[in-house]
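Geometric and topological summary
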Amino acid sequence: MDETPKRFDRIVAILIQLQSKKIVKAQELADRFECSLRTIYRDIRTLEASGVPIYSEAGVGYALMEGYRLPPVMFTREEVSSFIAAEKLMQKFTDPSLGSHYASAMYKLKSVLRSTDKDYLSNIESRVMMQTAEPLFNDNSPNTLAVLFEGIAEKKQILLTYKTFAKDETTQRNLEPVGVFHDNNNWYFLGYCHLRKDYRQFRTDRIQCIKKTELDFTIEHDSLETYLTKTETCPTTKVRILIDKKIARYLSTERKYHGFISEREVDGQIEMTFMCRDIDNGFPRWFLMFGDYATILEPESLKTRALELLEVNRLRLL
């Protein structure tokens, strides 16, 4: 089999990736193209031999000489189709400020497409929709993600006005944002809180106001993944519930957010086992959504907590 076309495509893709970042590591390229480091080194030498000004730094990576640019690249039809999904997601799942910036970028991107691809894109656009169940951002803070991205990139503290869920009170605090992530249909960010002197997690729809300050970070933070992994190792409680088989299939998406471990069929019902991190609020409130079709097997404390929540709701309805 002739590997020449495949290698040519990879070399062109490497050149495009070198344009996309200040520094690109050889391992990063090897992972993307599923090849050996030796292959990447060979491809880099080929680019250098063809006149592309690449400089490398041992242990750091490769970079293009400042000022070197390729002419505008052409997109495949499959790549054009992916723009539609990305644009619709940005419209619905980001704040208005970041969404408007992305819309501006899309106009520039569409301007370099071939006429046939523009027609192809136009035919799909009106046929794709994204819907959100709940508002992801507070109306008073339409630029939440944009400010967070700036703070992370420039290593500047942010001033946050935040409404807590448990106490329903508003606090103001200085934070060093570490990272942003989407989980369980909500946007969150993790940051070092100068008020609490520790790392805290915040939900974007509870942010009342957010501003970037000129204060520099005071700490060199690890990656976001590092802190989220630590959270996953927090103490857990074993939970077992028995649920109607007809209802169990509708929980396949949500259950993973509550520490789902396994399931088995027992006398026509489904027994689910969880290692739960929030036995007092998160799990019992979720359980009550389908509680008339389920039974708590263990622990006893979960049964007690579920009954307490039911009683609170009963009193509110009186």
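Quick caveat: nothing in here was measured; it's all calculated off a predicted structure.

Within the protein chain, the regular secondary structure consists of eleven helices and eleven strands. For 318 residues, the compact-globule formula gives about 20 Å, and the C-alpha radius of gyration of the protein chain, at 25 Å, lies well above that figure. Judged by the C-alpha coordinates and their principal axes, the protein chain covers about 75 × 55 × 45 Å. Going through the 318 residues of the protein chain one by one, you find that 35% of them count as buried. When the accessible surface of the protein chain is summed, it comes to about 20,100 Å², and 52% of that surface belongs to carbon and sulfur atoms. Side chains of the protein chain give 46 positive and 46 negative charges; the mean places of these two sets differ by 1 Å.

This part takes up the nonpolar core. Within the largest apolar cluster, 19 residues are counted, with the highest numbers of intra-cluster contacts made by Val239, Ile241, Ile243, Met272, Phe283 and Phe290. The leading source of residues in this core is strand S10 (residues 269–276), at four residues. In this structure, Phe290 is in contact with Ile241, Ile243, Ile247 and Leu251, ignoring residues within four places of it in sequence. One finds Leu136, Phe137, Leu160 and Cys193 within the second-largest nonpolar core, a separate group that totals 18 residues.

On to the domain arrangement of the protein chain. Considered domain by domain, the protein chain is made up of domain 1 (7–64), domain 2 (77–126), domain 3 (155–229) and domain 4 (237–317). Here the C-alpha centroids of domain 2 and domain 4 sit 41 Å apart.

What UniProt calls "domain: HTH deoR-type" (unreviewed entry) maps, in this numbering, to residues 7–62. Helix makes up 62% of residues 7–62 and strand 11%, and the two end C-alpha atoms of the span are 19 Å apart.

A separate point is the pairing of strand S4 (residues 170–183). Here six bridges tie strand S3 (residues 156–163) to S4, and the two strands are oriented antiparallel to one another. Pairing of Lys163 across the sheet is with Thr170, part of S4.

A few words now on the packing of aromatic side chains. Taken as a whole, this structure holds eleven aromatic pairs when the rule is applied. Taking 5.0 Å as the distance between ring centres and 85° as the angle between the ring planes, the aromatic pair formed by Tyr162 and Phe202 counts as edge-to-face. Residue Tyr162 is located in strand S3, and its partner Phe202 is located in strand S6 (residues 198–203); the two are separated by 40 residues in the primary sequence. In this pair, the class of Tyr162 matches that of Phe202, namely buried. Ring plane angle 25° and centroid distance 5.2 Å describe the contact between Phe189 and Phe202, whose orientation is recorded as stacked. In this pair, Phe189 sits in strand S5 (residues 186–193) while Phe202 sits in strand S6, placing the two residues 13 residues apart along the sequence. With respect to burial, Phe189 and Phe202 carry one shared label: buried. The structure contains a cluster of three or more aromatic residues connected by ring pairs, namely Phe260, Phe274, Phe283, Trp286, Phe287 and Phe290. The cationic tip of Arg255 hangs over the ring face of Phe260; the distance from NZ or CZ to the ring centre is 3.8 Å.

We now examine the packing of helix H4 (residues 77–93) against helix H6 (residues 115–125). As a packed pair, H4 and H6 sit with axes 10 Å apart at the nearest point and diverge in direction by 40°. The handedness of the crossing between H4 and H6 comes out as right-handed. Residue-level contacts link Arg77, Val80, Ser81, Ile84, Glu87 and Lys88 of H4 to Thr116, Asp117, Tyr120, Leu121, Ile124 and Glu125 of H6. For the contact of H4 with H6, the per-class residue count stands at five nonpolar, two polar and five charged.

Okay, unusual backbone geometry next. For the bond from Glu298 to Pro299, the omega torsion is 0°, close enough to zero to count as cis. One can find Pro299 in the loop between strand S11 (294–298) and helix H11 (300–317). Unlike most non-glycine residues, Glu34 shows phi in positive territory, near 50°. Relative to the helices and strands, Glu34 resides in the loop between helix H2 (26–33) and helix H3 (37–49). Given a relative accessible area of 74%, Glu34 falls into the exposed group. In the Ramachandran plot, Lys155 falls in the positive-phi region, its phi being about 55° despite a non-glycine side chain. Position of Lys155 relative to the elements: it lies in the loop between helix H7 (144–154) and S3. Using a relative accessible area of 43% as the deciding quantity, one classes Lys155 as partly exposed.

What counts, and where the lines are drawn
- Residues numbered from 1 in each chain as written.
- Predicted model: local features only at pLDDT ≥ 70, side-chain atom pairs only at ≥ 80, totals over all residues.
- Heavy atoms only, no water.
- Helix = DSSP H or I, 4+ residues; strand = E, 2+ residues; numbered from the N terminus.
- Rg over C-alpha atoms; globule rule 2.2 N^0.38 Å.
- Buried < 20%, exposed > 50% of the residue type's maximum accessible area, 1.4 Å probe, protein only.
- Areas by Shrake-Rupley, 256 points an atom, 1.4 Å probe, with all protein chains shown as cover.
- Lys, Arg positive; Asp, Glu negative; His and termini not counted.
- Charge placed at Lys NZ, Arg CZ, Asp CG, Glu CD.
- Core = buried A, V, L, I, M, F, W, Y, C linked by side-chain atoms within 4.5 Å.
- Contact = heavy atoms within 4.5 Å.
- Domains from an automatic or database assignment.
- UniProt positions renumbered as here; feature names shortened; annotations may be inferred.
- Pairing = 2+ DSSP bridges.
- Phe/Tyr/Trp six-rings, centres within 6.5 Å; stacked < 30°, edge-to-face > 60°.
- Lys NZ or Arg CZ within 6 Å of the ring centre and 35° of its normal.
- Axes fitted to C-alpha atoms, helices over the stretch in contact; angles between N-to-C directions.
- Left-handed = near helix turned anticlockwise from the far one by under 90°.
- Nonpolar A, V, L, I, M, F, W, Y, C, P; charged D, E, K, R; others polar.

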